[in-house]
Amino acid sequence: MKKKLFEDCLEKTVYTRKILRADFLPNGNFPIISQERDFINGYWNNHDDVFQAKRPVIIFGDHTKVIKFVDFDFVLGADGVKILQPIDEIFGKYFYYFMMSVELENLGYARHYRLLRDLRVPIPPLPEQKRIVTILDQAFAAIETAKANTEKNQQNVRELFETFLENIFSNVDDDWEEKKLGDKDLIQIIDGDRGVNYPKKSDFLDHGYCLFLNTKNVRPNGFEFETTMFINEKKDKALGTGKLKRNDVVMTTRGTIGNLGIYNDNVHFDNIRINSGMLIFRPNTKLITPEFLFEILRSGIMKTQISKFVSGAAQPQLPIKTLVNFRIPVPKKISIQQTIVEKLQKIYFETNRLEGNYQQKLVELDELKKSILQKAFNGEL
């Protein structure tokens, strides 16, 4: 099978005007194709800017490595879009699949087109190219159907857990009472440290006396400590009240709102402070367990209230003065709280297991797609 250098496989392309991202229209006569992941990225109305695709072309995102097969007229998005028009002896969809088979080094936001120039493209006769395309079309259609079904199943599992959680906190009786989150007899809410003593970038260490909790360490369902930063004892003592005690619950209130963690015995750090983008909830354990508080804080009851009062578009925030007025249902007996938590934890464990299985299946489907592409361009189909 003969091979050609990548650029010898392409016709020279005359580009039409590229439209800046800020000027994209939400709707219009002509679709805009850019280097973003979504297939169509906006719309335009000036016919003079339309690129007429007399034959299918491949769009390559020079910065993003996104690849698109386009067989209709379109308008070009801004800088970073390459139009690849295969020569007559190369079937357009075949060249697209070849591009999909190439694994390029990630150069960040630098340009990647230069990595393509040294590639050699296998070029069988046109009938063979079309045969390969037919096989790939059928295989990938089946894979996409399997992925869509798997993603739907994954979503159904999440929704089932959310529904169960909502039902528990909605179907209350006389054994429950409604409380304000800011009821100091029930929960003490402590703000993160701010002010002149707040650590500067130069104060942070890779290891040290006190872990300084970053919002990245707090996930939707608990803490994560893959990356950590610390402050020394002197800086720790210069700060205020934002230091954790065992059984405290932490919630992020700036940027990503509502991520949660419990500082229990499973967390193997003896000294932890929170940053200014989160709050400490310190429960009165005679009235409410930290585990029950954690569950109520991640329930639909809280999410509904949070969605109404979050402010700021670029950097969402949930002020403590607003949050203290949120209302939560609480069983009067600790034993009832413990029973509810046990049920929820069993369901969460099973939900997490199923989600993991579905996620693994998605990974395997992507790997299957890569494997089929490799076989196609190694002459094995």
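Note: the structure precedes this text.
Remember, predicted model here, so these are calculated numbers, not experimental data.

Enquirer: Would you mind showing me how to read the overall build of the chain here?
Expert: Counting secondary structure elements, the chain contains 7 helices and 21 strands. When its C-alpha atoms are laid out on the principal axes, the chain stretches across 80 × 45 × 45 Å. Taking as baseline every contact in the chain between residues at least 6 positions apart, the subset at least 24 positions apart corresponds to 74%. Taken as a whole, the chain presents about 20,800 Å² of accessible surface, with 49% of it coming from carbon and sulfur.

Enquirer: Is there a simple way to explain the sheet that holds strand β7 (residues 67-70) in this structure?
Expert: One key point about sheets: their strands pair by backbone hydrogen bonds, in either a parallel or an antiparallel sense. The strand order β7-β6-β9 describes an open sheet built from 3 strands, whose pairing is antiparallel. Sheet topology places β7 and β9 (81-84) at the edges, where each strand pairs with a single neighbour. Taken pair by pair, the neighbouring strands of this sheet meet at an average axis angle of 25°, ignoring direction. Relative to β9, strand β6 (residues 57-61) is paired through 4 bridges, and the arrangement is antiparallel. Residue pairing in the sheet places I59 in a bridge with I83 of β9.

Enquirer: Is there a simple way to explain helix α7 (residues 334-376) in this structure?
Expert: Note that an α-helix has 3.6 residues per turn; residues three or four places apart therefore point the same way. Compared with the 63 Å implied by 1.5 Å per residue over 43 residues, the 62 Å span of α7 between its first and last C-alpha is a close match. Along α7, the positions that sit buried rather than exposed are Q337, I340, V341, L344, T351, E355, L362, L365, K369, I372, L373 and A376. Where α7 is buried, its residues contact α1 (92-101), α2 (126-170), β11 (176-180), α4 (290-297) and β21 (327-331).

Enquirer: Looking at this structure, how should I read the pairing of strand β17 (residues 249-252)?
Expert: Within a regular strand, the side chains alternate between the two sheet faces. Burial along β17 is two-sided: V249 and M251 facing one way and V250 and T252 facing the other are all buried. Judged from the 3 bridges that link them, β17 and strand β18 (residues 260-262) form a sheet pairing that is antiparallel. Paired with V250 across the bridge in β18 is G261. As defined by bridge partners, β17 adjoins strand β20 (residues 278-283) across 4 bridges and the pair is classed as antiparallel. When the bridges of β20 are listed, M251 appears paired with L279.

Enquirer: Whenever I open this one, the nonpolar core confuses me. Can you help?
Expert: Nonpolar side chains in soluble globular proteins generally cluster together in the buried interior. In this structure, F6, F60, L84, F95, Y97, M99 and L136 are the most contacted members of the largest nonpolar core, which totals 32 residues. Of all elements in the fold, only β6, β7, α1, β10 (120-123), α2 and α7 reach the threshold of two or more residues within this core. Top element by residues in this core is α1. It accounts for 6 residues. Discounting chain neighbours no more than four positions away, the residues touching L84 are F6, L10, V57, I58, F60, F95, M99 and Y113. Counting 31 residues, the second largest nonpolar core, distinct from the first, contains F161, I262, L279 and M302.

Enquirer: What am I meant to see in the packing of aromatic side chains here?
Expert: Describing an aromatic ring pair means giving the distance of the ring centres and the angle of the ring planes. One pass over the structure, following the stated rule, counts 20 aromatic pairs. Seen from their ring centres, F95 and F98 are 6.2 Å apart, and the 35° between their planes marks the pair as tilted. Of this pair, F95 and F98 both sit in helix α1, separated by 3 residues, roughly a single helical turn. Just as F95 is buried, F98 falls in that class too.

Enquirer: Got a minute to help me understand the environment of E162 in this structure?
Expert: Among the structural elements, E162 can be located in helix α2. Measuring from C-alpha to C-alpha, the distance between E162 and I187 comes to 24 Å, with 25 residues separating the pair along the chain. Within the structure, the side chain of E162 is placed 3.1 Å from the side chain of K303, a separation counted as a polar contact.

Enquirer: Before we go on, may I ask you to explain the packing of α2 against α7 in this structure?
Expert: Between α2 and α7, the least distance of the axes is 10 Å, while the angle of their chain directions is 170°. As judged from the angle between their axes, α2 and α7 are roughly antiparallel. In the contact of α2 with α7, the residues fall into 24 nonpolar, 5 polar and 8 charged.

Enquirer: Explain the pattern of salt bridges to me, please; I cannot follow it from the model alone.
Expert: Side chains carrying opposite charge are able to pair once their charged atoms draw close together. The full count for this structure, using the stated rule, is 27 salt bridges. Close ionic contact of R55 with E11 constitutes a salt bridge, the shortest N to O distance being 2.7 Å. In this pair, R55 is assigned in the loop between β5 (50-51) and β6 and E11 in the loop between β1 (2-5) and β2 (18-19), connecting sequence segments 44 residues apart. Among the residues examined, R55 registers a relative accessible area of 29% and is labelled partly exposed. Between K369 and E144 there is a salt bridge, and its shortest N-O distance comes to 3.5 Å. In this pair, K369 sits in helix α7 while E144 sits in helix α2, placing the two residues 225 residues apart along the sequence.

Enquirer: Explain the pairing of β7 to me, please; I cannot follow it from the model alone.
Expert: Residues I67 and F69 point to one face of β7 and K68 and V70 to the other, with burial holding for every one of them. Examined bridge by bridge, β6 and β7 share 4 bridges and lie antiparallel to one another. Directly across from I59, in β7, lies its bridge partner K68. Hairpin connection from β6 to β7: 5 residues lie between these consecutive antiparallel strands, with K65 at a positive phi of about 65°.

Enquirer: Before we go on, may I ask you to explain the sheet that holds β17 in this structure?
Expert: One open sheet accounts for 4 strands, arranged β12-β20-β17-β18; its pairing is antiparallel. Of all the strands in the sheet, the pair left with one neighbour each is β12 (187-191) and β18. Sheet twist, expressed as the mean angle between neighbouring strand axes with direction ignored, is 20°. Here β12 runs beside β20; their pairing, made up of 5 bridges, is antiparallel.

Reading the values: rules and limits
Residues numbered from 1 in each chain as written. Predicted model: local features only at pLDDT ≥ 70, side-chain atom pairs only at ≥ 80, totals over all residues. Heavy atoms only, no water. Helix = DSSP H or I, 4+ residues; strand = E, 2+ residues; numbered from the N terminus. Contact = heavy atoms within 4.5 Å. Areas by Shrake-Rupley, 256 points an atom, 1.4 Å probe, with all protein chains shown as cover. Pairing = 2+ DSSP bridges. Axes fitted to C-alpha atoms, helices over the stretch in contact; angles between N-to-C directions. Expected span 1.5 Å × (residues − 1). Buried < 20%, exposed > 50% of the residue type's maximum accessible area, 1.4 Å probe, protein only. Core = buried A, V, L, I, M, F, W, Y, C linked by side-chain atoms within 4.5 Å. Phe/Tyr/Trp six-rings, centres within 6.5 Å; stacked < 30°, edge-to-face > 60°. Polar contact = N/O pair within 3.5 Å; in protein donor to acceptor, adjacent residues only side chain to side chain. Parallel < 35°, antiparallel > 145°, perpendicular 65-115°, else oblique. Nonpolar A, V, L, I, M, F, W, Y, C, P; charged D, E, K, R; others polar. Salt bridge = Lys/Arg side-chain N within 4 Å of Asp/Glu carboxyl O.

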